[in-house]
Every structure is written in C-alpha cells, then in structure tokens.
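In case you want the letters, here they are:
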Amino acid sequence: MDNLTLEDVNSKYLDVLKELGNIGAGNATTAIANMLGMKIDMNVPNIRLIEVSDLGQAIGAEEEVVIGIFLEVQQDVEGSMMFMLDIPSARYLVNKLMMTDVSPEVPFGEMELSALKEIGNIIAGSYLSAMSSLTNLVIVPSIPYIAVDMAASILSVPAIEFGRFGDNALLIQTEICADVAINGYFILMPEQDSYVKILSSLGISI
Amino acid sequence: MGNVIKVGMADLNICKSPDIITTLGLGSCIGLTFYDPVTKVGGMVHYMLPDSTKVRNNGNIAKFADTGIEQLLKKVIAAGASRQRLVAKMAGGAKMFEVNGLSDIGNIGARNAEAAREMLKKMHIRLIAEDTGLNYGRTVELHCETGEFYIKSIGKPVKII
C-alpha cells in the first residue's frame, strides 16, 4: 500500500506517530536547553489530527503574527517540516541567546532573524535526528527558511502540502518551561510514501 | 454598515450590499471574488490548490481553483448576479518561504494565481484587478456596496483595488 494518507492512518498508527512526535519534541527541548545553557522542562506534547481547512486557526487567531521556520527534508524520508513560535516566545529565546533584553513589541532585525533561523535549525534538526535514530532512516534537512507573518498565511503552506493528499494534518504542540512558558508547534509534512517507510521501519506492517 | 461574512480556508460564500465578505490571512492560497456592480451581489472563494483533477481526494470543491470558481459562479448567479456584468478580483498566491527548487512548495502560489486567470478566460469573465505573489500574507475584504476590494498586510498600508 503505497498511498497511505492520514485518512487511512488508524488510531494504532496515530499512536506511533504521536510517540515519534513526543520523542522528537523531547530531543528538541534538550537541544534548546543546551544551546541556552539552562534547565528547561517539557510538558507532554499535545498531538492532534486536524482538518486542513481548520489549520489556519489551529494555533490561535488567524491574523496573529507568528514566526514560521520551514525546512525541506530529503533522502529516505521526503517532505518538509515547519516549526512555529509565537512572538513573545521567539523574543524570549533571542534575548537569551544574544544576551539582550528587548521587549516583544520591537520588531526583529536582520541579526535577530538569523539568530531565530539558527534556533529553528537546531530545534528542527534535533527533532529530525531523534526520528532518524529511531527509524534508522536517513533524514537530511535543507537550510532553514523563515517568515514572520499572520498565522493563517504561514499555515497555508502546510495546509496546502497536506491538502494535496487528503483533508487532515498532524499538528504537534509542545510547551516548554524555562522561567517562562515557551509555546512551539511542529508540523511534519512527509510525502505520501514516507508514512509507509516510517511505520515499516519501526516494524509495523501495513 | 452591513454584516461581515467570513470565508474560511477551502470555503466559499456569497454576499449582498451592504454586507462585507472577508477571508483572513491568505498565504499561498487565493481569495477570488465575483461582483455584479448593478445588483451589488458578490461572492468569494478561498481555494488552496490549482487543479482538482490532480488530486485523488477531491471531495471539497472549494479547495480547488477549477471546481471552486465554478461553484462560486453558480452561487452568485443564483443570488441575483448577472453573468454578463460579473467582474473578478483576486489576491494571495504568495511565496511565504524563499524555498528554491526541489518541491513545488515554492511555486504553488504562482500556480494558484495562474489557474484563476485560465479559468476566468475560459468563462469569459473579466479579471479587473489582482494583487498576487510576493512573500507576505494578506487579509482581504470585498465591500458589496462599492465593489471595493481591500487588502491588509502586516506592516503595510491598506491597499484598495
């Protein structure tokens, strides 16, 4: 069965994908903690299968400005992934990394955007490497791309990606706590046959 | 001031003066409107993909340019618009991330816009204004009293086409 879509993913497979998401997010949290040199806790991620047409408002108001960091993935698993942060969380991470104390109302400058890209790169990279070592699949991410815009506009990208195959998208919400709560969202967008590869590499027959 | 009718992603609806029809945060999707300046009847479709025939799972007709625009046309005519007088405007089709090559994520916005131009040509409906492409999101509104099409983006002045 080469054309497995999220519609066909029954609850058993969904649990596996959730667990992968959980481990990936955990690894990403460790990466942030190491990068910032501080202790960070992670709450159990909230992983949801949602309708593509509802994705635009899945993480808040459609017009709320958020940060989106996008990477393409290649090799054994093909597709893309996106990591999203709200502005206060993004500002907090940039402040920590650059040792500044800028208010969340101030727009990001070039330097700060490139710091954010790097944060996204480390987070997404550690997420993917957790996945890679679990499945023994080679997953190679591209360079990160960044956008600061309305949530619905940024989410149109994964909505369209998932929309090509079906009506559902898999959204992984993680909350990590340092001295403030940081809200991050992962969206994995594997190509159709990559679901089969991921599941069968874990010994699950389809 | 009339009511504001909200169109979601992969959704369409009609609108009559003095109401306003809107869709929030268009990215690579397209918000396309029809409008009859005499009866002041209009409508909007917010579609995501250019071609329903390329997709196996194509149940939601508002998700695609071809089926969505066709359905919108039927609906505005049923609501009292004249096909001869109809004019179209559209916005969206942005490239949200500067992705180069590999997948078709980079050019889906441009393909979405092109699909509308082709559809409208086939239908003999004039596309009188558009604001598509570039790299930012857009909230759009069609004011049915005037036919004005408002485009709002982050950090940019409001545009009326």
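In case you missed it, the structure is sitting above this.
Residues numbered from 1 in each chain as written. Chains lettered and ligands numbered in written order. Predicted model: local features only at pLDDT ≥ 70, side-chain atom pairs only at ≥ 80, totals over all residues. Heavy atoms only, no water.

(A) Summary view of the overall build of chain A. A count of helical and extended segments in chain A gives 5 helices and 8 strands. Its C-alpha radius of gyration of 16 Å places chain A within 12% of the 17 Å reference for a compact globule of 206 residues. Taken along its principal axes, the extent of the C-alpha atoms in chain A is 55 × 35 × 30 Å. Counting across all 206 residues of chain A, residues that qualify as buried make up 57%. Considering only contacts in chain A between residues 6 or more positions apart, those separated by 24 or more positions represent 74%. If you sum the accessible surface of chain A, you get close to 8,200 Å²; carbon and sulfur atoms cover 51% of it. (Helix = DSSP H or I, 4+ residues; strand = E, 2+ residues; numbered from the N terminus. Rg over C-alpha atoms; globule rule 2.2 N^0.38 Å. Buried < 20%, exposed > 50% of the residue type's maximum accessible area, 1.4 Å probe, protein only. Contact = heavy atoms within 4.5 Å. Areas by Shrake-Rupley, 256 points an atom, 1.4 Å probe, with all protein chains shown as cover.)

(B) Inspection of the sheet that holds strand β2 (residues 11–16) of chain B at higher detail. Residues and elements named next belong to chain B. Taken together, the 5 strands give an open sheet; going across it, the order is β2-β5-β4-β6-β7, and neighbouring strands pair in mixed fashion. The open sheet is flanked by β2 and β7 (126–132), the only strands paired with a single partner. The sheet shows a mean angle of 15° between the axes of neighbouring strands, taken without regard to direction. Sitting on the sheet, helix α1 (residues 65–78) touches β2, β4 (30–36) and β5 (41–47), and the angle it makes with β5 is about 165°. (Pairing = 2+ DSSP bridges. Axes fitted to C-alpha atoms, helices over the stretch in contact; angles between N-to-C directions.)

(C) Region of the structure containing a nonpolar patch on the surface. Residue and element names in this part refer to chain A. Together, I23, L134 and L202 give the surface a local cluster of nonpolar side chains, amounting to about 200 Å² of exposed area. Looking at the element boundaries, L202 is found in the segment after α5 (192–201). On the basis of relative accessible area, L202 is assigned to the partly exposed category, the value being 32%. (Patch = residues over 30% accessible without salt bridge, like charges linked within 9 Å, V, L, I, M, F, W, Y side chains within 5 Å. Salt bridge = Lys/Arg side-chain N within 4 Å of Asp/Glu carboxyl O.)

(D) Summary view of the sheet that holds strand β10 (residues 159–160) of chain B. Residue and element names in this part refer to chain B. A sheet is described by the order of its strands in space; here 5 strands give the open sequence β1-β3-β8-β9-β10, paired in mixed fashion. Of all the strands in the sheet, just β1 (4–6) and β10 have a single pairing partner and so form its edges. With 5 bridges joining them, strand β8 (residues 138–143) and strand β9 (residues 148–152) adopt antiparallel strand pairing. When the bridges of β9 are listed, E141 appears paired with Y150.

(E) Focus on the interface of chain A and chain B. Taken together, the contacts link 36 residues of chain A with 35 residues of chain B. When chain A packs against chain B, the two sides together hide about 2,700 Å² of surface, and 63% of this comes from carbon and sulfur. Among the residues of chain A in contact with chain B, E72, Y145 and I160 of chain A are the three that bury the most area, contributing 21% of the side total. Counting every contact that joins chain A to chain B gives 1 salt bridge. A salt bridge links E62 of chain A to K6 of chain B, with the shortest nitrogen-to-oxygen separation between them at 2.9 Å. (Buried area = accessible area lost by both parts, 1.4 Å probe.)

(F) Geometry of the nonpolar core. Counting 94 residues, the largest nonpolar core has L116 of chain A together with F97 of chain B as its most contacted members. For F97 of chain B, the residues in contact, after removing those within four places along its chain, are G68, I69, F70, M82, Y145, I146, A147, I154 and V157 of chain A. One finds V45, A62, I69 and L86 of chain B within the second-largest nonpolar core, a separate group that totals 25 residues. (Core = buried A, V, L, I, M, F, W, Y, C linked by side-chain atoms within 4.5 Å.)

(G) The environment of D86 of chain A, seen in detail. Residues and elements named next belong to chain A. On the secondary structure map, D86 appears in strand β4 (residues 79–86). Sequence-wise, D86 and D179 are 93 residues apart; in three dimensions their C-alpha atoms are separated by 16 Å. Excluding residues within four positions of it along the chain, D86 makes contact with E64, V66 and N183. Within the local environment of D86, its side chain forms a polar contact with the side chain of S89, the two groups lying 2.5 Å apart. (Polar contact = N/O pair within 3.5 Å; in protein donor to acceptor, adjacent residues only side chain to side chain.)

(H) Main features of the packing of aromatic side chains. Taken as a whole and assessed by the stated rule, the structure comprises 3 aromatic pairs over all chains. Centre to centre, the rings of F83 of chain A and F186 of chain A are 4.9 Å apart; their planes meet at 40°, and the pair counts as tilted. Of the two residues, F83 of chain A is situated in strand β4 and F186 of chain A in strand β8 (residues 181–190); the sequence distance between them amounts to 103 residues. The burial state of F83 of chain A is the same as that of F186 of chain A; both residues are buried. Judged by centre distance (4.4 Å) and plane angle (40°), the rings of Y127 of chain A and F186 of chain A are tilted. Taken together, the residues Y127 of chain A in helix α3 (residues 110–135) and F186 of chain A in strand β8 connect sequence positions 59 residues apart. Residue Y127 of chain A is classed as buried on the basis of its relative accessible area, which comes to 0%. With a relative accessible area of 2%, F186 of chain A lands in the buried category. Aromatic ring contacts, followed pair by pair, group F83, Y127 and F186 of chain A into a single cluster. Note that K156 of chain B overlies the ring of Y136 of chain B, its terminal NZ or CZ placed 4.1 Å from the centroid. (Phe/Tyr/Trp six-rings, centres within 6.5 Å; stacked < 30°, edge-to-face > 60°. Lys NZ or Arg CZ within 6 Å of the ring centre and 35° of its normal.)

(I) Quick peek at the pairing of β4 of chain A. All names here are of chain A. β4 sits mainly inside the fold: 8 of its 8 residues count as buried. In the sheet, strand β3 (residues 65–75) pairs with β4 via 8 bridges, with the strands oriented antiparallel. Note on β4: the bridge partner recorded for I67 is L85. Of the strand pairs in this sheet, β4 and β8 are connected by 7 bridges, and their pairing is antiparallel. Bridging from a neighbouring strand, S80 pairs with M189 of β8.

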